[in-house]
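Working through the structure, step by step
Below, each chain spelled out in residue letters.
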Amino acid sequence: MPIIETKNLTYIYGQGTPFEKVAVEGVSLSVEKGEFIGVIGHTGSGKSTLIQTLNGLIRPTSGQVLLDGRDIWQEPKKIRSVRFRVGMVFQYPEYQLFEETVIKDIMFGPKNMGLSEGEARERAYEAARFTGLKEELLTKSPFELSGGEKRRAAIAGVIAMDPEVLILDEPTAGLDPRGRDVLLAQIGQYHCERGNTVLLVSHSMEDIGRTADRLLVMSGGHEQYLAPTKEVFSHGEELEGMGLRVPQITKIMQELIKLGVPADPSTLTVDRAVKQLIPYFKSRGGDKNAV
Amino acid sequence: MLSDITLGQYFPAKSIMHRADPRLKICLTVFSIVLIFSAGNFFSLALAVGYIILGMALSKIPLKLYLKSLKPILFIIIFTAVLNIFYGTGDPIWQWGFIKITRNGLLNSLFVSVRIITLILASSVLTFTTSPTQLTDAIERLLKPLAKLKVPVHEFAMMMTIALRFVPLLLEETDKIMSAQKARGADMESGGIVQRIKALVPVLIPLFVSAFRRAFDLATAMESRCYNGGEGRTKMKQLHFGAVDWMVLLSAILVLGAFMALNIVLPPSIVR
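Residues numbered from 1 in each chain as written. Chains lettered and ligands numbered in written order. Predicted model: local features only at pLDDT ≥ 70, side-chain atom pairs only at ≥ 80, totals over all residues. Heavy atoms only, no water.

1. Observations regarding the overall build of chain B
Counting its regular elements, chain B contains 10 helices and 2 strands. For chain B, the C-alpha radius of gyration of 23 Å lies well beyond 19 Å, the compact-globule estimate for 272 residues. Taken over the C-alpha atoms alone, chain B extends approximately 65 × 55 × 40 Å along its principal axes. Expressed as a percentage of its 272 residues, the buried residues of chain B come to 37%. Within chain B, counting contacts between residues at least 6 apart in sequence, those at least 24 apart form 75% of the total. Separation of charge centres in chain B, based on 28 positive and 15 negative side chains, amounts to 6 Å. (Helix = DSSP H or I, 4+ residues; strand = E, 2+ residues; numbered from the N terminus. Rg over C-alpha atoms; globule rule 2.2 N^0.38 Å. Buried < 20%, exposed > 50% of the residue type's maximum accessible area, 1.4 Å probe, protein only. Contact = heavy atoms within 4.5 Å. Lys, Arg positive; Asp, Glu negative; His and termini not counted. Charge placed at Lys NZ, Arg CZ, Asp CG, Glu CD.)

Here's what the structure looks like:
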């Protein structure tokens, strides 16, 4: 049974004003338990709005969001319990930190869930470990941390609630390349260890290509694809038409195929590409430097 | 939601009111408000109200938005109207103990409510049809004579521009931070007043931090563009008093003439 489902979901901003704008229209999708879904789309494609409907932060204009088969808006008063089950990390989450110490800030979510001080603390430590926050930072003020550390602290604040579904909106935006790689690896590890469902919104096709099982492609408020990553990236030209692209290495491989090199058009990582190309060039008898 | 606030918001459209010179619009708003408050009888009041309604009609902004701008002050309108009913002088129409209602009280109450409503509507026409930049440009120009008295008019206008520019930005930011804290289970909708104020802390602290950050960034950006106040500064968009503006001005003069005639010739309807 899918953990999250939407049925004909539509959201309109500023209904009845001159600023009225349809952000999401008629999206019906379903996500299975334990999946790692990548969400991509051009700026203004409706992906941010869509993910905010999934944990009940915004109420859809029409259509339904089902969590474990139940409409989350069935009892609007209990919407908070939905937010504990579907954790959401916003873009630039470091701007949400407010407590005196980092550990207290991470404990904010668990305490809102009604956990005891001790339980909340335990969860906070575990979450900090998952996001790679050093223990000596936990007693500092969040405003003393560096940008990357603040980001980790904020993500830990959501992970500490141990949500069944974790949604991350561009968690690596503005980080240096190494920081990106480490954070992504940690999210991947979190996904593996906990077996939770993860939705990752990103503009980086490389990041998405490496991590996601399936891709959701949004364009103009509509759901264009929800398919295995490899399959989506084989539609290179359609993606470019939506202002998106495929990972660079995939593009290179697709161009090589046009030149007559036998290769997999949905190669997503450099490692895989190397594994295919070396034997080919060796078999052609060319020298290795040509690669 | 926060985005529902309409007071002081600009709604872009193509209309005579949008095209009119902002300086003229500010003067006209003040002018109509003065008319409304000096109207002594129903005919002159109707004329002034009609003039404001004409402005609303010409602005091509849906009536719904005007009504929405009245919503926040609905209580004040009702409160003053009710208060005025009981404070009339003259012979009572209806009496119960020491509470009495007079004809004069009813009229006063009607006049007061019409005045408050039109006051808001007139200023809404101005803010709905004038972008914040235009508004501050116009204010700077109108206050320019004060610069001779060493009043820092340009700095004042610049501060206003920045403040107005930051309102939507900070609203958006508040919305974002609130969403982020709600996603962590912050409960802002229930509980008593103390609890609600406490629930604001997780929103206010990040908001202040971000406001300061933005202020520093803006100051750096302005300095790196060599901003040094109003001296010798030119405007990208020059204010221009065109044909439409002369027509609008003419209409105002005609209305003023008619208004004075009605106010003086006809007997006053209310006693002040």
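2. Quick look at a nonpolar patch on the surface
There is a patch of nonpolar side chains on the surface, built from Leu74, Phe75, Ile76, Ile78, Phe79, Val82, Leu83, Phe86 and Tyr87 of chain B and spanning about 940 Å² of accessible area. Tracing the sequence through the fold places Ile76 of chain B in helix H5 (residues 74-85). (Patch = residues over 30% accessible without salt bridge, like charges linked within 9 Å, V, L, I, M, F, W, Y side chains within 5 Å. Areas by Shrake-Rupley, 256 points an atom, 1.4 Å probe, with all protein chains shown as cover. Salt bridge = Lys/Arg side-chain N within 4 Å of Asp/Glu carboxyl O.)

3. So, unusual backbone geometry
Residue and element names in this part refer to chain A. Residues other than glycine seldom take positive phi values, yet Asp68 does so here, at roughly 55 degrees. Its location among the elements puts Asp68 in the loop between strand S4 (62-67) and strand S5 (70-71). The backbone of Tyr92 sits at a positive phi, close to 45 degrees, despite the residue not being glycine. Here Tyr92 shows up in the loop between strand S6 (86-89) and helix H3 (102-112). Look at Tyr92 and you get partly exposed, because its relative accessible area is 37%.

4. As for the interface of chain B and chain A
Listed by partner, the interface residues are 22 residues for chain B and 23 residues for chain A. Together, the buried faces of chain B and chain A total about 1900 Å²; carbon and sulfur atoms form 65% of this surface. Of all residues in chain B, Ala183, Arg184 and Gly185 of chain B give up the largest surface area on contact with chain A, accounting jointly for 34% of the area buried on that side. Run the count over chain B and chain A and you get 2 salt bridges. Among the elements of the structure, helix H4 (63-70), helix H8 (153-183) and helix H9 (193-224) of chain B are those that each provide at least two residues to the side of chain B that touches chain A. (Buried area = accessible area lost by both parts, 1.4 Å probe.)

5. Remarks on the sheet that holds strand S9 (residues 214-219) of chain A
Residue and element names in this part refer to chain A. Reading across from one edge, S6-S7-S8-S3-S9-S10 is the order of the 6 strands in this open sheet, with mixed pairing throughout. Bordering the open sheet on either side are S6 and strand S10 (222-228), each of which pairs with just one other strand. Each strand of the sheet is rotated relative to its neighbour by a mean of 15 degrees, with strand direction disregarded. Pairing of S9 with S10, which is carried by 6 bridges, proceeds in the antiparallel orientation. If you follow Arg214 over to S10, its bridge partner there is Pro228. Its contacts with the sheet put helix H1 (residues 47-54) on strand S3 (36-41), S6, strand S7 (165-169), strand S8 (197-201) and S9, and the angle it makes with S7 is roughly 155 degrees. (Pairing = 2+ DSSP bridges. Axes fitted to C-alpha atoms, helices over the stretch in contact; angles between N-to-C directions.)

6. Topic: the nonpolar core
Ile106, Leu133, Leu166, Leu168, Val217, Phe233 and Leu239 of chain A are the most contacted members of the largest nonpolar core, which totals 49 residues. Among the elements that make up this core, the one with the highest residue count is helix H5 (residues 147-159) of chain A (6 residues). For Ile106 of chain A, the contacting residues outside a window of four places in its chain are Ala124, Ala127, Ala128, Leu133, Leu138, Ala153, Ala156, Gly157 and Ala160 of chain A. If you look at the next biggest cluster of nonpolar residues, it comprises 33 residues, including Ala23, Val27 and Phe90 of chain A together with Ala183 of chain B. (Core = buried A, V, L, I, M, F, W, Y, C linked by side-chain atoms within 4.5 Å.)

7. Here's the deal with the sheet that holds strand S2 (residues 21-32) of chain A
All names here are of chain A. Spatially, S2-S1-S4-S5 is the arrangement adopted by the 4 strands of the open sheet, whose pairing is antiparallel. Lying at the two open borders of the sheet, with one neighbouring strand each, are S2 and S5. Note: S4 against S5, 2 bridges, orientation antiparallel. Of the residues in S5, the one forming a bridge with Leu67 is Arg70.

8. Concerning the domain arrangement of chain A
Residues and elements named next belong to chain A. With domains assigned, chain A is organised as domain 1 (2-246) and domain 2 (247-291). Contacts between the two partners involve 13 residues from domain 1, matched on the other side by 11 residues from domain 2. Approximately 890 Å² of surface area, both sides summed, lies buried where domain 1 meets domain 2, with 58% of it carried by carbon and sulfur atoms. On the domain 1 side of the interface with domain 2, the three residues burying the most area are Lys230, Phe233 and Val246, jointly 50% of the side's total. Inspection of the region where domain 1 meets domain 2 yields 2 salt bridges. In this structure, Glu240 and Lys251 form a salt bridge, with 3.1 Å as the shortest nitrogen-oxygen distance. Run the count over domain 1 and domain 2 and you get 4 residue pairs in polar contact (both at pLDDT 80 or more). Residue assignment for the side of domain 1 that touches domain 2 shows that the elements contributing at least two residues are helix H7 (205-211), helix H8 (229-233) and helix H9 (236-241). At 4 residues, H7 tops the list of elements feeding residues into the side of domain 1 that touches domain 2. For the side of domain 1 that touches domain 2, the per-class residue count stands at 3 nonpolar, 4 polar and 6 charged. (Domains from an automatic or database assignment. Polar contact = N/O pair within 3.5 Å; in protein donor to acceptor, adjacent residues only side chain to side chain. Nonpolar A, V, L, I, M, F, W, Y, C, P; charged D, E, K, R; others polar.)

9. What to know about helix H10 (residues 243-265) of chain B
With 23 residues, H10 of chain B extends 33 Å between its outermost C-alpha atoms, agreeing within 8% with the 33 Å of an ideal straight helix rising 1.5 Å per residue. Within the span of H10 of chain B, buried status applies to Asp245, Val248, Ala252, Val255 and Phe259 of chain B. (Expected span 1.5 Å × (residues − 1).)

10. Regarding the environment of Leu262 of chain B
As for its placement among the helices and strands, Leu262 of chain B is situated in helix H10. Those residues in contact with Leu262 of chain B that sit more than four places away from it in its chain are Asn41, Phe43, Ser44 and Leu47 of chain B.

11. Quick notes on the domain arrangement of chain B
Domain boundaries assigned for chain B yield domain 1 (1-130 + 241-272) and domain 2 (150-237). Distance between the C-alpha centres of domain 1 of chain B and domain 2 of chain B: 32 Å.

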